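The lines below spell out each chain.
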Amino acid sequence: MPELPEVEIYSRYLQRHALGQRIARVRVLDERILGATRKATLVRRLTGEQFTSLRRHGKHLFAQAGERNWLHLHFGMTGDLAYYFDPADAPRFARVIFDFDGGGHLAFEDMRLFGIVDLTSDPDDYIREHALGLDPLDPALRLRLFRRLMEKRRGAIKPLLMSQQVVAGIGNLYADEILFRASIHPLRPADRMRPDEMKAVYTSMRRVLNEMVVLKAGEGDYPPRMLVQHREEGDLCPRCGGEIRRTVVGGRTTYFCSRHQR
DNA sequence: ACATTGACCTGAGAGC
DNA sequence: TGCTCTCAGGTCAATG
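None of the values given here were measured: they were computed from a predicted structure. (Residues numbered from 1 in each chain as written. Chains lettered and ligands numbered in written order. Predicted model: local features only at pLDDT ≥ 70, side-chain atom pairs only at ≥ 80, totals over all residues. Heavy atoms only, no water.)

1. Quick look at the sheet that holds strand S5 (residues 79-84)
Then, in step 1: If you walk across this open sheet you meet the four strands as S1-S6-S7-S5, and the pairing is antiparallel. Either end of the sheet is taken by a strand with one partner, and the two such strands are strand S1 (23-28) and S5. Pairwise comparison of adjacent strand axes, ignoring direction, gives a mean angle of 15 degrees for this sheet.
Then, in step 2: Direction of pairing for S1 relative to strand S6 (residues 94-100): antiparallel, over a ladder of five bridges. Bridge pairing in S6 places Arg27 opposite Ile97.
Then, in step 3: Running over the sheet, helix H1 (residues 4-18) touches S5, S6 and strand S7 (105-110) and is turned about 20 degrees from S5.
Then, in step 4: On top of the sheet, helix H2 (residues 39-46) reaches S1 and S6; it is set at about 170 degrees to S1, its chief contact. (Pairing = 2+ DSSP bridges. Helix = DSSP H or I, 4+ residues; strand = E, 2+ residues; numbered from the N terminus. Axes fitted to C-alpha atoms, helices over the stretch in contact; angles between N-to-C directions. Contact = heavy atoms within 4.5 Å.)

2. A word on the pairing of strand S4 (residues 70-74)
Then, in step 1: Along S4, five of the five residues are buried, which leaves the element largely enclosed by surrounding structure.
Then, in step 2: Side chains Trp70, His72 and His74 of S4 all project onto a buried face; the interleaved residues Leu71 and Leu73 project onto the opposite face, where all are buried too.
Then, in step 3: Where strand S3 (residues 60-64) meets S4, five bridges bridge the pair, whose relative direction is antiparallel. Across the sheet, the residue bridging to His60 is His74, located in S4. (Buried < 20%, exposed > 50% of the residue type's maximum accessible area, 1.4 Å probe, protein only.)

3. Some points on unusual backbone geometry
Then, in step 1: Positioned with a positive phi, Arg68 is a non-glycine residue whose angle comes to about 50 degrees.
Then, in step 2: Within the element layout of this structure, Arg68 appears in the loop between S3 and S4.
Then, in step 3: Looking at Arg68, the relative accessible area reads 47%, which means it is partly exposed.
Then, in step 4: Positive phi outside glycine occurs at Leu113, with the angle close to 65 degrees.
Then, in step 5: Inspection of the secondary structure assignment puts Leu113 in the loop between S7 and strand S8 (116-120).

4. Here we look at the sheet that holds S8
Then, in step 1: Spatial strand order, S2-S3-S4-S8: four strands in an open sheet with antiparallel pairing. The open sheet terminates on both sides in strands that have one partner only, identified here as strand S2 (53-57) and S8. Neighbour-to-neighbour, the strand axes of the sheet open up by a mean angle of 20 degrees, direction not taken into account.
Then, in step 2: Strands S2, S3 and S4 of the sheet are contacted by H1, whose axis makes an angle of about 180 degrees with S2.
Then, in step 3: Each of S4 and S8 touches H2; the most contacted strand, S8, lies at about 60 degrees to it.

5. Concerning the packing of aromatic side chains
Then, in step 1: Summed over all chains, the structure comprises seven aromatic pairs.
Then, in step 2: Members of the aromatic cluster, connected to one another through ring pairs, are Tyr10, Phe75 and Phe108. (Phe/Tyr/Trp six-rings, centres within 6.5 Å; stacked < 30°, edge-to-face > 60°.)

6. Looking at the environment of Gly35
Then, in step 1: The topology assignment puts Gly35 in the loop between S1 and H2.
Then, in step 2: Take Gly35: its relative accessible area is 38%, and that puts it in the partly exposed class.
Then, in step 3: Separated by 161 residues in sequence, Gly35 and Asp196 have C-alpha atoms that sit 41 Å apart.
Then, in step 4: Here Gly35 is in contact with Ile116, Val117 and Asp118, once residues within four sequence places are set aside.

7. A short note on the protein's contact with DNA strand C
Then, in step 1: Near DNA strand C, the surroundings consist of 18 residues, among which Lys59, His74, Gly171, Asn172 and Arg252 are the closest.
Then, in step 2: Counting only the atoms of DNA strand C that lie within 4 Å of the protein, the sugar and phosphate share comes to 53%.
Then, in step 3: Between a phosphate oxygen of DNA strand C and a side-chain N or O atom of Arg252, the distance comes to 2.8 Å.
Then, in step 4: At the level of elements, helix H6 (172-182) and strand S10 (252-257) are the ones that each hand at least two residues to the surface near DNA strand C.
Then, in step 5: If one sorts the elements of the surface near DNA strand C by residue count, H6 sits on top with three residues. (Near = heavy atom within 4 Å. Polar contact = N/O pair within 3.5 Å; in protein donor to acceptor, adjacent residues only side chain to side chain.)

8. Comments concerning the side chain of Ser11
Then, in step 1: Within the fold, Ser11 resides in helix H1.
Then, in step 2: Overall, Ser11 belongs to the buried group, its relative accessible area being 9%.
Then, in step 3: Filtering out sequence-adjacent residues up to four positions away, Ser11 remains in contact with Leu54 and Leu61.

Don't take any of this as a statement about function, it's just geometry.
Quick look at the structure:
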């Protein structure tokens, strides 16, 4: 589930609830969630520390807990955070729980275990080692740069948008939403798109992701003008009345409007 | 360099 | 109620 906007919300959630609290205890309930770090190391390097600052890059979240000591979180498909006081409120699929001095608990939950909890000495190292692209909301990612990155690659536009090596943070759901708003067919070859079309994708990417963050930060549901509300074959496009089609692109279920996305 | 497929996991929901 | 099947918003490795 979690793409960039959701992870941004998790970041704020962690900021609000857990920052500045001393970690009294770290409990690893299922070691399969651990990435490159062994359980004993994770526990040793976080116990007694506190999270002092946060950094999000794409779908990755880093929480600093000392000099060259960062907790790294990736949420996979079903990852989530829960902060609570009553142990009875621990989520069913909690995999790692941080107990704070003040009596609060922060759980990393992940039903399907595709997520990762581990340590890194420096988020920049992590980003480099995993060849992650720029964050799509990074101000440094101007249109010119975006265009250059995309034109270097061939293949359909949708898998490119989802490739974390080109731009990091877009998943299946919002890739569809971005192309829907840009009126571009998901299978369009990126190297054969006109400059104004690539610009539309760029603008749409920024708008969609920013809007999603605002939406997720508030109470709001997805507005009906969005494709995300019409992910069903045969639905009618809220924009042009065309028929919504379902297909598979790059192995992922894809929805698009058969009329205004060419 | 790219597309495709399967693997990793576990549940929710549909259909019978 | 319970069984079986399909699907799920992510990523990686192997294969063509």
